[in-house]
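Residue-level structural notes
Chain by chain, the residues:
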Amino acid sequence: MDQTAAMALFALTMSISPGPVNLITLSTGLNLGVRNALGFVSGATAGFTLLLFLIGLGLSAIAQRYGFVIDTLTFLGAGLIVYFGFKLLTSSGDLNEGDHTKPSFWQGAALQWLNPKAWGACIAAVGLFELDQNPSALYFFVCLYCVICFFGIGSWAVFGSQVERYMRTPTRRILLNRLLGGTLILLAVFLLWQQFFR
């Protein structure tokens, strides 16, 4: 029971803490509503839990052996994050849904696989709970994480939709979108800095 509580707390903390996926989800909830964020949330959840499962089965050994894999993922991930940030920065603030691009299931899944921080979280979980040595614990944790991750990331879409009532004017929406877009671009730069210059 203690291990289950620790696993749940780990999953909740990692899922709900701010990061690129959650900022994109917040923006989607704000600009397009919760329903339009569900595809991206589902993709991010599926992408992360599949990565967790495969790392538990030994995928991290391949990544450690071939260091260029993580470097390549970092560049691709930073590029995808910058793309989303640029879309927000250049948004007109129009309240029309057609003005905003809905992120897809596959973009959510890809962003998790291209994010070295997601890899780090998965590797930490596998080591912390010794999931690579206990297949039943790995299966349990992956299922638990999947549920918690969906609601953790999804809560950002709900928060965004609630903030929307205060952002009804184009000027306020433009300011918030630029803040979120700029933050995403800074996160991408930070990921590159952490990976290559620390």
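Heads up: the structure comes first, above all this text.
Residues numbered from 1 in each chain as written. Predicted model: local features only at pLDDT ≥ 70, side-chain atom pairs only at ≥ 80, totals over all residues. Heavy atoms only, no water.

**A short note on the overall build of the protein**
- Assigned secondary structure in the protein consists of nine helices and zero strands.
- If you list the helices and strands of the protein from N to C, you get α-α-α-α-α-α-α-α-α.
- Expressed as a percentage of its 198 residues, the buried residues of the protein come to 45%.
- Long-range contacts, defined here as pairs at least 24 residues apart, represent 86% of the contacts in the protein between residues at least 6 apart.
- Accessible area for the protein stands at about 10200 Å²; split by element, carbon and sulfur atoms hold 68% of it. (Helix = DSSP H or I, 4+ residues; strand = E, 2+ residues; numbered from the N terminus. Buried < 20%, exposed > 50% of the residue type's maximum accessible area, 1.4 Å probe, protein only. Contact = heavy atoms within 4.5 Å. Areas by Shrake-Rupley, 256 points an atom, 1.4 Å probe, with all protein chains shown as cover.)

**Some remarks on the environment of Phe 105**
- Take Phe 105: it is sitting in helix 6 (residues 105-113).
- Given a relative accessible area of 33%, Phe 105 falls into the partly exposed group.
- Among residues more than four places away in sequence, those in contact with Phe 105 are Gly 39, Phe 40, Ser 42, Gly 43 and Ala 46.

**Considering the nonpolar core**
- Core analysis: the biggest nonpolar cluster contains 50 residues, and Leu 52, Leu 111, Leu 131, Phe 141, Tyr 145 and Leu 184 have the highest contact counts within it.
- Those elements that provide at least two residues to this core are helix 1 (2-16), helix 2 (20-32), helix 3 (34-56), helix 5 (67-89), helix 7 (116-128), helix 8 (135-163) and helix 9 (170-196).
- Examining the composition of this core, we find that twelve residues originate from one element, helix 8, more than from any other.
- Among all residues touching Phe 141, those that are not within four sequence positions of it are Met 7, Phe 10, Leu 52, Ala 125, Phe 129 and Leu 131. (Core = buried A, V, L, I, M, F, W, Y, C linked by side-chain atoms within 4.5 Å.)

As far as function goes, none of this settles anything; it's purely spatial.
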